[in-house]
Amino acid sequence: MDTADRSQRDGSMDWPPIHRAPTLPPILGDYDATRATFTWAQARSELDGLPGGGLNIAHEAVDRHATGALADTPALRFVGRDESVSTISYRELRELTDRFASMLHDLGVGRGDVVCTLLGRVPDLYLTALGTLKTGGVYCPLFAAFGPQPVRERLALSQAKVLVTTSADYVRKVASARADLPALEHVLVVDRAAPDGAVALPDLLAATRSTVAIAATTPEDPALLHFTSGTTGRPKGAVHVHEAVVAHHATAGFVLDLRPGDIYWCTADPGWVTGTSYGIIAPLTHGVTTVVDAADFDAKRWYRTLAESRVTVWYTAPTALRLLMRAGDELPHRFDLSALRHVVSVGEPLNPEAVVWGERAFGVPIHDTWWQTETGAIMISNYPGMTIRPGSMGRPVPGVDATVLARGEDGRALVIDDHVTELDAGAVGELALRPGWPSMFRGYLGDDARYRACFAGGWYLSGDLARRDRDGYFWFVGRADDVIKSAGHLIGPFEVESLLMEHPAVVEAGVIGKPDPIAGEIVKAFVTLRSGFLPDDALRQELITFGRHRLGGLAPKEIDFDQNLPHTNSGKVMRRLLKARELGLPEGDLSTIESRP
Ligand code: 6R9
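For clarity, every value in this text was computed on a predicted model and none was experimentally measured. (Residues numbered from 1 in each chain as written. Predicted model: local features only at pLDDT ≥ 70, side-chain atom pairs only at ≥ 80, totals over all residues. Heavy atoms only, no water.)

K.L.:
Where do I start with the environment of Ala223 in this structure?
P.N.:
With respect to the helices and strands, the residue Ala223 is situated in strand E8 (residues 222-228). As a C-alpha pair, Ala223 and Glu430 span 207 residues in sequence and 29 Å in three-dimensional space. Setting aside anything within four residues of it in sequence, one finds Ala223 in contact with Ile57, Leu133, Gly137, Val138, Tyr139, His240, Val241 and His242. (Helix = DSSP H or I, 4+ residues; strand = E, 2+ residues; numbered from the N terminus. Contact = heavy atoms within 4.5 Å.)

What follows is the structure in structure tokens.
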């Protein structure tokens, strides 16, 4: 099995390595030397800490830059939908987030309370995130494109006390479920006029009189809650603590090469972990200017933003890069991208063509990075100045040990009496990390068993399949489970199947990621109909609309009818078999099915 996997993946190694001398000496100059001497304690010493030994992300991100040389540097540079630009300096960001924290304090929000946002990339989202951290509360971003179903489920699971959103989203996605959300005490809308059940945030902020000091959080106090998905069951709330900022800061140096003076753009939405770890926290801890674009992808607009904001470091995703590739080689040359020093990617497999195309389009190759909601920060990466092997995720960041573990029958790491077996170079297995880095999740909210199941033999098991080569570069092979990655967004098939089964026509559903040349995968559902329902186009359209309405961005794009869904002995729909059939692959060895586009 492993031999077959290996031969499949060796194609990627045909791409010649890329070595390009960086224009500035990179922060991580010598990988091996840094790795040999690096300690997390040393990384921690680059942060301030709170008097008395505490640690608060918002202090490291905002307050420590608000006086002194960086005070008037723009911390956030917002590009509105209409392309109007507004900035908030570090000094202003301190004042605004202090006020936000005081307002939350007046509402009775404090240590450990969960504050969610359901907002696009607008200033209020950033103020909520940092203001919440200042109160000692836990910030939990919800993706604005979620439909009512995922929003309600996450609000209930998180026991959120406060939701900051728009009137329209509150009315459409939350209001009618309020009775089922007893913990939700306050809904704050960013508009001036609040609907019933909500309060206008601008009024509350204007009325705030108190000034509260930043909470004296300890490094192990919860700070962030990010929902992620598994193969089965409800979404999992990964809990991160203030100590995570040590990893955010260190990796943003080593990997993103950030330093004061940089103009940095992370295109990920804060509704997903990248948009919070590297779209809010990490760049602010480095005192750089972070560009935030409220609008969705548009090739010309993105090139314009890169050019007009004079972006120096850009963190983006393979789907976006493939869309830019499709827009043509000529387009980037119409814009002045000369400020761009470093381009980095995350979230899904980055195809070697895209790495190489980056050189042509931007004059710099694209540096892939790998990590997960659970890891909180980048774990494996290509570094500026290091030779890139196109198609490889790179090498573990200093302070992180990664390995590849032998698999059992179910495709996951084989664990016998809490022992696992590390594989040699070349063999495919489950990618695992040695626990101990600062941004490792500290639990899945309310689900200890699921958390414990992520560890075996002294390793954190990632759920991804990979192999490493003789020089320690890691190569992504696929997921060991059925989780879908569509345009970089992680989608649990179970959540989609459950929703489809709420439709009166559907008895059962099996949901897979169907390979797609741009999005990596798209969500495809196979449904079995109740007798009396006709499998026609009208019903197909109805189900697609039903999905879109209730799930929003998680909804299936394609639906097939199938009255004979394949089942395991225990009665579960065999998604892997559905996928094999969809791809026209032999149905025998299902463990090797890949999700690469
Ligand atoms: C940061 C983030 C995590 C999953 C991960 C893997 C996939 C992420 C990747 C990649 C191939 C890369 N993934 N980076 N696959 N190459 N460079 O994306 O977190 O949303 O939790 O997703 O994404 O499957 O396990 P999250």
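So, next bit.
K.L.:
Just checking my understanding: could you explain the nonpolar core for this structure?
P.N.:
Taken as a class, soluble globular proteins show a tendency for nonpolar side chains to be buried jointly. Counting 91 residues, the largest nonpolar core has Trp40, Leu93, Leu256, Tyr264, Tyr278, Tyr315 and Met379 as the members making the most contacts within it. Core analysis: the next-biggest nonpolar cluster, separate from the first, contains 46 residues, Ala198, Leu490, Val511 and Ile559 among them. (Core = buried A, V, L, I, M, F, W, Y, C linked by side-chain atoms within 4.5 Å. Buried < 20%, exposed > 50% of the residue type's maximum accessible area, 1.4 Å probe, protein only.)

K.L.:
What am I meant to see in the sheet that holds strand E12 (residues 313-316) here?
P.N.:
The strands that make up a sheet pair up through hydrogen bonds in the backbone, lying either parallel or antiparallel. Reading across from one edge, E2-E1-E11-E10-E12-E13-E14-E15-E16 is the order of the nine strands in this open sheet, with mixed pairing throughout. The strands lining the two open edges of the sheet, one partner per strand, are strand E2 (85-89) and strand E16 (395-396). Along the sheet, helix H11 (residues 273-285) makes contact with strand E1 (74-79), strand E10 (263-266), strand E11 (289-293) and E12, crossing E10 at roughly 165°. Where helix H14 (residues 352-362) meets the sheet, it contacts E12, strand E13 (342-345) and strand E14 (366-370), and its direction lies at approximately 140° from that of E14. (Pairing = 2+ DSSP bridges. Axes fitted to C-alpha atoms, helices over the stretch in contact; angles between N-to-C directions.)

K.L.:
Would you take a moment to explain the pattern of salt bridges for this structure?
P.N.:
Two side chains of opposite charge can pair, provided their charged atoms sit close to one another. The full count for this structure, using the stated rule, is 48 salt bridges. Here Arg389 makes a salt bridge to Asp469, at a shortest N to O gap of 3.0 Å. Here Asp469 lies in the loop between strand E21 (459-468) and strand E22 (474-479) and Arg389 lies in the loop between strand E15 (380-381) and E16, a separation of 80 residues in the sequence. Of the charged contacts in the structure, one is a salt bridge between Arg576 and Asp482, with a shortest N-O distance of 3.1 Å. A residue pair is termed long-range when its members are at least 10 positions apart, and Arg576 in helix H18 (residues 575-583) and Asp482 in the loop between E22 and strand E23 (484-486) qualify at 94 residues. Through salt bridges with shared partners, a single network forms among Lys514, Lys524, Asp537, Arg540, Glu558, Asp560 and Glu582. (Salt bridge = Lys/Arg side-chain N within 4 Å of Asp/Glu carboxyl O.)

K.L.:
What is the right way to look at the packing of aromatic side chains in this model?
P.N.:
Counted by the stated rule, this structure contains 25 aromatic pairs. Ring centres of Trp302 and Trp314 lie 6.1 Å apart, and the angle between their planes is 75°; this geometry places the pair in the edge-to-face category. Linking Trp302 in helix H12 (residues 299-308) with Trp314 in strand E12, this pair joins segments that are 12 residues apart in sequence. The exposure class of Trp302 is buried, given its relative accessible area of 7%. Note on Trp314: relative accessible area 0%, which makes it buried. Where Trp314 meets Phe362, the ring centres are 5.6 Å apart and the plane angle is 80°; that geometry is what we call edge-to-face. One end of the pair, Trp314, is in strand E12; the other, Phe362, is in helix H14, and 48 residues separate them in sequence. Just as Trp314 is buried, Phe362 falls in that class too. Among the aromatic residues, ring-to-ring pairing joins Trp265, Phe297, Trp302, Tyr303, Trp314, Phe335, Trp357 and Phe362 into one connected group. Across the ring face of Phe146, the terminal group of Arg154 is positioned such that the distance to the ring centre comes to 4.6 Å. (Phe/Tyr/Trp six-rings, centres within 6.5 Å; stacked < 30°, edge-to-face > 60°. Lys NZ or Arg CZ within 6 Å of the ring centre and 35° of its normal.)

K.L.:
I'm lost on the domain arrangement of the protein in this one. Help?
P.N.:
The domains assigned to the protein are domain 1 (401-481) and domain 2 (484-583). Look at where the C-alpha atoms of domain 1 and domain 2 centre, and you get two points 28 Å apart. (Domains from an automatic or database assignment.)

K.L.:
In this structure, what is going on with the sheet that holds strand E25 (residues 506-516)? I would like to understand it.
P.N.:
A sheet is described by the order of its strands in space; here three strands give the open sequence E25-E26-E27, paired in mixed fashion. One side of each edge strand has no neighbouring strand; the edge strands of this open sheet are E25 and strand E27 (558-561). In this sheet, adjacent strand axes meet at a mean angle of 25° when their direction is disregarded. With 10 bridges joining them, E25 and strand E26 (residues 520-529) adopt antiparallel strand pairing. In the sheet register, Lys514 faces E26, and the bridge partner there is Ile522. Contacting E25, E26 and E27, helix H16 (residues 493-500) runs over the sheet at an angle of about 140° to E25. Packed onto the sheet, H18 meets E25 and E26 and runs at close to 55° relative to E25.

K.L.:
Explanation requested: helix H6 (residues 123-135) in the structure shown.
P.N.:
Since the α-helix packs 3.6 residues into each turn, any two residues three or four apart lie on the same face. Between its first and last C-alpha atoms H6 spans 18 Å; for 13 residues at 1.5 Å apiece the expected length is 18 Å, and the two agree. Of all 13 residues in H6, 11 are buried; the element is thus mostly enclosed. Positive phi shows up at Gly136, right after H6, with a value of about 85°. (Expected span 1.5 Å × (residues − 1).)

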